[in-house]
Amino acid sequence: MILKIHYWMIIPLTIMILCSTQNVYADRGIIPVKPHIPIYEPGQKAIIAWNGVEEIMILSTDVTATGDTMILEILPLPSKPRVEAASFESFKVLEKLVSDKFVIKARSYGGGLEFKGLEIIFHEKIGFHDITVIKAFNADELVYWIEQFALKNGITIEIKLSKLMDVVREYIDEGFQYYVVDLISLKAGERSIEPIMYRFNSSFIYYPLKISSIIPGKTKITLFIITMDGIRRNHPNLKELQYKLFGIAYPVEVEITVEELRKVDPRIAELFKSNTLLTILTYEGSMSTLKRDLMTTIESRVNVNSLMMTFLATTIMALTLTVTTIKMKKL
């Protein structure tokens, strides 16, 4: 979609974009595993790129703890992922692209355990992350594996595993077989953990939200979603970042070229052969209300210029009729 923005919209739009992306939040299931050390999850930075067949998800968790501890994160995925390191630079480049375009347009753990319904398919340490990817068919076995995994590493899970069990059972029933278990070493204070990229096949745009409902507290979510033709807006919690033109609200959508995507991350650029559309979705509120994952597809682009031309044409016709009527009355 091509945006046409008047000069008086530059400052408020730029401020709105920068304020919304300065603290980019989103969620995965995070489990504190050391007693008496309060942990809350301000959120995660999240870039999602989907070409209709394959998705790349780049996540960076922002967490805070009052003392040194470790945490477990659970990430359900619709298919087997490739897991690789990513960079904070991707978020910086994407944020700058959004801001500039508005200005321009204006101008192996668990290996020894025996489980029939589990398969450890990936294990690797990436920076502060100790990541295991599990293929699971049974919720009871998966949660039991997580419990044994924690005990093996000398940590105690604080939340009730029954809550995790209920949510995992729903994912299993919906056909989700792949689960990322991420053990993160966390020092006292607040920091962003280095990003991790998950690349997997999917027939829909996917981002896990329901897994976060087991965690108490509030959160903020901002998702930068890159597709060929925008996204279908059908999620009860997520809202579009919008601007207003002639009293009509339009989503903040920015066209990004493949060359620009290479600057964000070359692996994202590999997904596309032509220009893409960036849509920004947001949420702020209780994590307990996140009962539904983002699972959607694309929709046809709406050209703002065409809408404006239609608006202007209708206005000119109305003015012409008014002037004609006045002249006729005078005669």
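Residues numbered from 1 in each chain as written. Predicted model: local features only at pLDDT ≥ 70, side-chain atom pairs only at ≥ 80, totals over all residues. Heavy atoms only, no water.

Asks: I'd love a proper account of the environment of Ile-126, names of residues and values included.
Replies: By secondary structure assignment, the location of Ile-126 is in strand E6 (residues 118-126). Sequence separation of Ile-126 and Ile-196 is 70 residues, and the distance between their C-alpha atoms is 8.3 Å. Ignoring sequence-local partners within four residues, the contact set of Ile-126 consists of Val-83, Glu-84, Ala-85, Ile-131, Glu-194 and Ile-196. (Helix = DSSP H or I, 4+ residues; strand = E, 2+ residues; numbered from the N terminus. Contact = heavy atoms within 4.5 Å.)

Asks: Which residues make up helix H4 (residues 161-173), and what are the values?
Replies: Given 3.6 residues per helical turn, the α-helix brings residues three or four places apart onto the same face. Compared with the 18 Å implied by 1.5 Å per residue over 13 residues, the 18 Å span of H4 between its first and last C-alpha is a close match. Just downstream of H4, Gly-175 is the residue with a positive phi angle, here 95°. (Expected span 1.5 Å × (residues − 1).)

Asks: Tell me what's going on with the nonpolar core, and back it up with residues and numbers.
Replies: Across soluble globular proteins, nonpolar side chains have a tendency to be buried as a group. Ranked by size, the top nonpolar core spans 59 residues in total, and within it Leu-77, Ile-146, Tyr-198, Tyr-207 and Leu-223 carry the most contacts. Among the nonpolar cores identified, the runner-up in size contains 26 residues, and Ile-58, Met-197, Ile-268 and Ala-269 belong to it. (Core = buried A, V, L, I, M, F, W, Y, C linked by side-chain atoms within 4.5 Å. Buried < 20%, exposed > 50% of the residue type's maximum accessible area, 1.4 Å probe, protein only.)

Asks: Describe in detail the pairing of strand E7 (residues 129-136), supporting the description with residues and values.
Replies: Put simply, side chains in a regular strand alternate between the two faces of the sheet. Most of E7 is tucked away, with seven of its eight residues classed as buried. Across eight bridges, the pairing between E6 and E7 is antiparallel. Considered in E7, the bridge of Ile-126 is made with His-129. Turn length for the E6-E7 hairpin, with the two strands adjacent in sequence and antiparallel, is two residues, and the turn residue Gly-127 shows positive phi of about 60°. (Pairing = 2+ DSSP bridges.)

Asks: Give a description of the environment of Ile-193 that names residues and reports values.
Replies: Locating Ile-193 in the fold gives a position in the loop between strand E9 (189-192) and strand E10 (196-201). Classification of Ile-193 as buried rests on a relative accessible area of 1%. Taking C-alpha positions, Ile-193 is 8.8 Å from Gly-127, a pair spaced 66 residues apart along the chain.

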